[in-house]
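Report on the structure
If you want the building blocks of each chain, they are given just below.
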Amino acid sequence: MRDEKQPQPSKMKRVYQGIHSMKFGMVLLLIIGVLSIIGTILPQDRPLSFYEEEYNALIYGIIETFQLHSVYQSWWFIALMLLLSVNLLLCSIIRLPKLLKKMKQEPSAPDPKEKGLFFFDAKKEINREAVFKKAGFSAPKKHSTGEGEVYYRRKHAVGHLGSWFTHIGLLVIIVSYLVGQIAGFETFFYGVPGVSGSIEDTPYQLSIEDFTIDYREDNSVEQYTSNLRVYDEDNTMIKEGISSVNDPLRVEGLSIYQNGTGWATEMHLFKEDEPLRSLTLYQGEIHVDDDQRIAIQFYDFYPDYVFHQGMPATRSPYPNNPHLLYVLFYEGLRADMNVVAMGEEVVFQEYAFRVEDPRQFTYLQIVRDPGIPGALLGGVLLIVGIFTAFYLYPKTLIVREGPKGIELWARAPRGEKLFHSNLTSRLKEESNWE
Amino acid sequence: MGVDQSLQLEITLFNLSIALYLLSMVLYLVFFIAKKERAGDFGSYLIKGGFMLHTVALGVRWVAAGRVPLSNQYEFATAFAWGIVLCFIIFEIKFSYKAMGTFVTPIAFLIMGYAAMQSKDIRPLMPALQSNWLSIHVGTAVISYGAFGVAAGVSLMYLLRNQFSNSPFVKKHLPDLSTLDLISYRAIALGFFFLTLVIVTGAIWAEQAWARYWSWDPKETWSLITWIIYAVYLHARIMRGWQGKKTALFSVIGFICVLFTYIGVNTLLPSIHSYALLLPFEW
């Protein structure tokens, strides 16, 4: 990024200069930072009705108009990110030739106009090679001028590119993120062992072979593991493996994550003593049946049920005394809510149901994000760039030998003071210099 | 040695290191206010002694827990203070300005105080935290936050030196503005490099554990905001009209963001980093 002023540029040129200027980039960064705060305070990605209920009409209007319920996907946030990308791209393109020129350039004689140049000391006689070595430089190069001989050596020329790599890294990350948002997808799949089905928006089938939870002695969870098989459209198995927390199953650009778990039971529904439906009911689900006359919601589950302080609770995660908390809806109205044991029958009007065979199901998240390799590359560029910019700053050591004596000059545009103190400590023991 | 005994030893070492940090802070204050050079020397010795005990305390906890002790509020707070003291010692040796201690040791002491108020129980890790990335991600955060703590202390010195530039006392006891600016810059450069590592390693870990390398979780977002503040500081420093007082203020604001990212987000905002509930199901 740059901060230069040209004499009387045209309006278009001023706009162009503004867009790629460092000041514009900084202002954009600050605006993005400040507006990001909104998304950390205001609940995100809820239905608009939530905000309508929670906030007054004025605030709701602001939320709806500026898409504050989904800050990071809003048009203005994406526009700000695109503007920042343009700023980074333009300033990177404009700066590169100049930086490469600086890198290749081997300035020899000290030029008093140059930034970061300083006079270090003067002597009558020195051991030139030893001085360069002691100061941490390779053997000097020689350059003859009208005023005498100049010996010089540069170091860390690549440091000129540090901030450029940083800006490119940031640009690559932003672009990769946007690619992931546009071209990526996410879906979920859940079931008890034995369940299989197609993965939404893909030609693949997923089969849950097994699901286990490892507990520690204190009943805390050590790990959740799903054994999975993935089949292609010809029903040929293309991958078999496990997905556990921190170790997703990767197949054909998809990543299958062990995301959650819950309880499921077999439910048998009867009407006037005749079987109406048998199905697997998962925790959180509502089963609606018989032309919406009856609905049963699996509200909660207590594997080791105990009635404690007036509330249902569980003593352990193990199914020693499994009970299910259900909510029953009859003709659209909530009619009953209670805890039921496995095998116990619940009767309401002409309906009856019972639940049995409790098992834990696995909840899988399936993601494809084509932006990941780019984001990783951008991250590496960012780290390399910052390290290069801060710790490999370019410096030059110059010895000028002329009729006036021997002068030691040094040049470090980004670390003049540090280089000076570094030279002082390195050269203080150099007898031919001190 | 059993876990309980190890924990007791760790608590004793932790308390001793707090005591030494407190004494060191007092001595640095005496050095600064009463112009006692010896007090500054003793302050410097004591903080190094406290740092050694603190390091042993972290080591004992590491062994007792059987994992890197960087996974709850107490463990990160004590490591955060350790990072500040480590960076302070490095910068004190490198730049030889004892007055820095007067401004940096209170920050370290306050963080230690916060750690002392947290539960010191050793609990087994939830599955999502059982990753080698935890050590790298949080370990780099310790160094980053530590360096920013030092930078904030030095920037406060800068603001003081700038505000009372005519005071002979301030002139005598505080380095000149360009030196303070340089120290603050070097500390922020170190912190910024490590903060970038924190964010990148966190993203890699998040992709493995939570399916998204960036999901705008409040902790992530506040880390980004902190990164932006320091990025603006680093750019502003080379812009005309922005050097000096304004950049020193940015450094202080940046550290307030660091503290909010660490404490505020965990306590005030819902986040997957609070490790409370990830899904509607039990997890």
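1. A short note on the overall build of chain A
Check the secondary structure of chain A and you find 9 helices and 21 strands. Scaling as 2.2 N^0.38, a compact globule of 434 residues should have a C-alpha radius of gyration of about 22 Å, whereas chain A reaches 35 Å, well beyond that. The C-alpha extent of chain A, read off along each of the three principal axes, is 115 × 55 × 55 Å. Among the 434 residues that make up chain A, the fraction classed as buried is 47%. Intrachain contacts of chain A at a sequence separation of at least 6 include 57% that bridge at least 24 residues. A total of about 22300 Å² of accessible surface is found on chain A, and carbon and sulfur atoms cover 54% of it.

2. Let's talk about helix α5 (residues 132–163) of chain B
Residues and elements named next belong to chain B. With 32 residues, α5 extends 47 Å between its outermost C-alpha atoms, agreeing within 8% with the 46 Å of an ideal straight helix rising 1.5 Å per residue. The buried fraction of α5 amounts to 23 of the 32 residues, a majority that puts the element mostly inside the structure. N-cap assignment for α5: the residue whose side-chain oxygen lies 3.0 Å from the backbone N of W133 is S131.

3. Observations regarding the side chain of D232 of chain A
Residues and elements named next belong to chain A. With respect to the secondary-structure elements, D232 resides in the loop between β7 (221–231) and β8 (237–244). No salt bridge is formed by the buried D232; its nearest oppositely charged neighbour, R368, is found at 13 Å. A polar atom in the side chain of D232 sits 2.9 Å from the backbone nitrogen of D234. Among all residues touching D232, those that are not within four sequence positions of it are P203, Y204 and I238.

4. Quick look at the domain arrangement of chain A
Split into domains, chain A comes out as domain 1 (11–101), domain 2 (111–156 + 393–430) and domain 3 (266–356). The gap between the C-alpha centroids of domain 1 of chain A and domain 3 of chain A is 49 Å.

5. Some details on the packing of aromatic side chains
Per the stated rule, a full pass over the model turns up 47 aromatic pairs over all chains. Ring geometry for F42 of chain B and Y45 of chain B: centres 6.2 Å apart, planes at 75°, overall edge-to-face. Linking F42 of chain B with Y45 of chain B, this pair stays in helix α2 (residues 37–65), spanning 3 residues, or about one helical turn. On the basis of relative accessibility, which here comes to 40%, the residue F42 of chain B falls in the partly exposed class. Taken together through their ring pairs, the aromatic side chains of F387, F390 and Y391 of chain A together with Y185, F192, F193, F194 and W227 of chain B make up a single cluster. Lying over the aromatic face of F50 of chain A, R46 of chain A brings its terminal NZ or CZ to 4.5 Å of the ring centre. The ring centre of Y185 of chain B lies 3.9 Å from the NZ or CZ of R237 of chain B, which sits over that ring.

6. Side note on the pattern of salt bridges
Taken as a whole and judged by the stated rule, the model has 24 salt bridges over all chains. Among the ionic pairs, E331 of chain A bridges to R293 of chain A, the shortest N-O distance being 2.6 Å. Of this pair, E331 of chain A sits in the loop between β16 (323–330) and β17 (333–341) while R293 of chain A sits in the loop between β12 (286–289) and β13 (294–302), placing them 38 residues apart in sequence. Given a relative accessible area of 27%, R293 of chain A falls into the partly exposed group. A salt bridge links K48 of chain B to E92 of chain B, with the shortest nitrogen-to-oxygen separation between them at 3.8 Å.

7. Re the packing of helix α2 (residues 22–41) of chain A against helix α5 (residues 75–104) of chain A
All names here are of chain A. Between α2 and α5, whose axes approach to 10 Å, the crossing angle comes to 155°. In terms of axis orientation, α2 runs roughly antiparallel to α5. Helix-helix and strand crossings are classified by hand; for α2 and α5 the assignment is left-handed. The residues of α5 that touch α2, namely those facing F24, G25, L28, L29, I31, I32, L35 and S36, are W76, F77, L80, M81, L83, L84 and N87. Per-class residue counts for the contact of α2 with α5 are 12 nonpolar, 3 polar and no charged.

8. Notes on the environment of F66 of chain A
Residues and elements named next belong to chain A. Structurally, F66 is set in the loop between α4 (57–65) and α5. Since its relative accessible area comes to 42%, F66 is described here as partly exposed. Put simply, F66 and L100 are 34 residues apart on the chain and 43 Å apart in space, counted from C-alpha to C-alpha. Contacts of F66, omitting those with residues within four sequence positions, involve S74 and W76.

9. Re the sheet that holds strand β20 (residues 395–402) of chain A
Residues and elements named next belong to chain A. On the basis of which strands lie adjacent, the open sheet formed by 5 strands has the order β1-β21-β20-β3-β2 and antiparallel pairing. Both edges of this open sheet fall to β1 (117–123) and β2 (141–145), since each of them pairs with a single strand only. Along the sheet, successive strands turn relative to each other by an average axial angle of 20°, direction set aside. Pairing analysis gives 6 bridges linking β1 to strand β21 (residues 405–411), with the strands arranged antiparallel. Note that in β21 the partner of D121 across the bridge is L408. Relative to β1, helix α9 (residues 416–427) is tilted by about 20°, and along the sheet it contacts β1, β20 and β21.

10. Comments concerning the interface of chain A and chain B
By a frequent convention, interface size equals the accessible area lost on bringing the separate parts together. Facing the 63 residues of chain A at the interface are 53 residues of chain B. When chain A packs against chain B, close to 5100 Å² is buried across both sides, 68% of that on carbon and sulfur atoms. Considering only the side of chain A, the residues that lose the most area to chain B are T40, N246 and F390 of chain A, jointly responsible for 14% of the buried surface there. Counting across the interface, chain A meets chain B through 3 salt bridges. Ionic pairing is found between R250 of chain A and E207 of chain B, a salt bridge with its closest N-O pair at 2.8 Å. Run the count over chain A and chain B and you get 13 residue pairs in polar contact (both at pLDDT 80 or more). Residue assignment for the side of chain A that touches chain B shows that the elements contributing at least two residues are α2, α7 (162–183), β4 (185–191), β7, β10 (254–271), β19 (351–368), α8 (372–391) and α9 of chain A. In terms of residue count, α2 of chain A provides more of the side of chain A that touches chain B than any other element does, 11 residues in total.

11. Quick word on a nonpolar patch on the surface
Residue and element names in this part refer to chain A. A surface patch of nonpolar side chains, about 530 Å² in accessible area, is lined by L58, I59, I62, F66 and W75. At 3 residues, the largest contribution of residues to the nonpolar patch is made by α4. Tracing the backbone shows I62 in helix α4.

12. A closer look at the packing of helix α1 (residues 3–34) of chain B against α2 of chain B
Residue and element names in this part refer to chain B. For the pair α1 and α2, interaxial distance at closest approach is 7 Å and the crossing angle is 160°. Taken together, α1 and α2 sit at an angle that is classed as roughly antiparallel. Of the two elements, α1 crosses α2, and the hand of that crossing is left-handed.

13. Some words on the pairing of β21 of chain A
All names here are of chain A. Burial analysis of β21 places 6 of its 7 residues in the buried class, the great majority of the element. In this sheet, β21 lies alongside β20 in antiparallel orientation, the contact comprising 7 bridges. Residue pairing for β21: I398 is matched across the bridge by W409. Taking the residues between adjacent antiparallel strands as the criterion, β20 and β21 are bridged by 2 residues.

Cut-off values and rules
Residues numbered from 1 in each chain as written. Chains lettered and ligands numbered in written order. Predicted model: local features only at pLDDT ≥ 70, side-chain atom pairs only at ≥ 80, totals over all residues. Heavy atoms only, no water. Helix = DSSP H or I, 4+ residues; strand = E, 2+ residues; numbered from the N terminus. Rg over C-alpha atoms; globule rule 2.2 N^0.38 Å. Buried < 20%, exposed > 50% of the residue type's maximum accessible area, 1.4 Å probe, protein only. Contact = heavy atoms within 4.5 Å. Areas by Shrake-Rupley, 256 points an atom, 1.4 Å probe, with all protein chains shown as cover. Expected span 1.5 Å × (residues − 1). Polar contact = N/O pair within 3.5 Å; in protein donor to acceptor, adjacent residues only side chain to side chain. Lys, Arg positive; Asp, Glu negative; His and termini not counted. Salt bridge = Lys/Arg side-chain N within 4 Å of Asp/Glu carboxyl O. Domains from an automatic or database assignment. Phe/Tyr/Trp six-rings, centres within 6.5 Å; stacked < 30°, edge-to-face > 60°. Lys NZ or Arg CZ within 6 Å of the ring centre and 35° of its normal. Axes fitted to C-alpha atoms, helices over the stretch in contact; angles between N-to-C directions. Parallel < 35°, antiparallel > 145°, perpendicular 65-115°, else oblique. Left-handed = near helix turned anticlockwise from the far one by under 90°. Nonpolar A, V, L, I, M, F, W, Y, C, P; charged D, E, K, R; others polar. Pairing = 2+ DSSP bridges. Buried area = accessible area lost by both parts, 1.4 Å probe. Patch = residues over 30% accessible without salt bridge, like charges linked within 9 Å, V, L, I, M, F, W, Y side chains within 5 Å.

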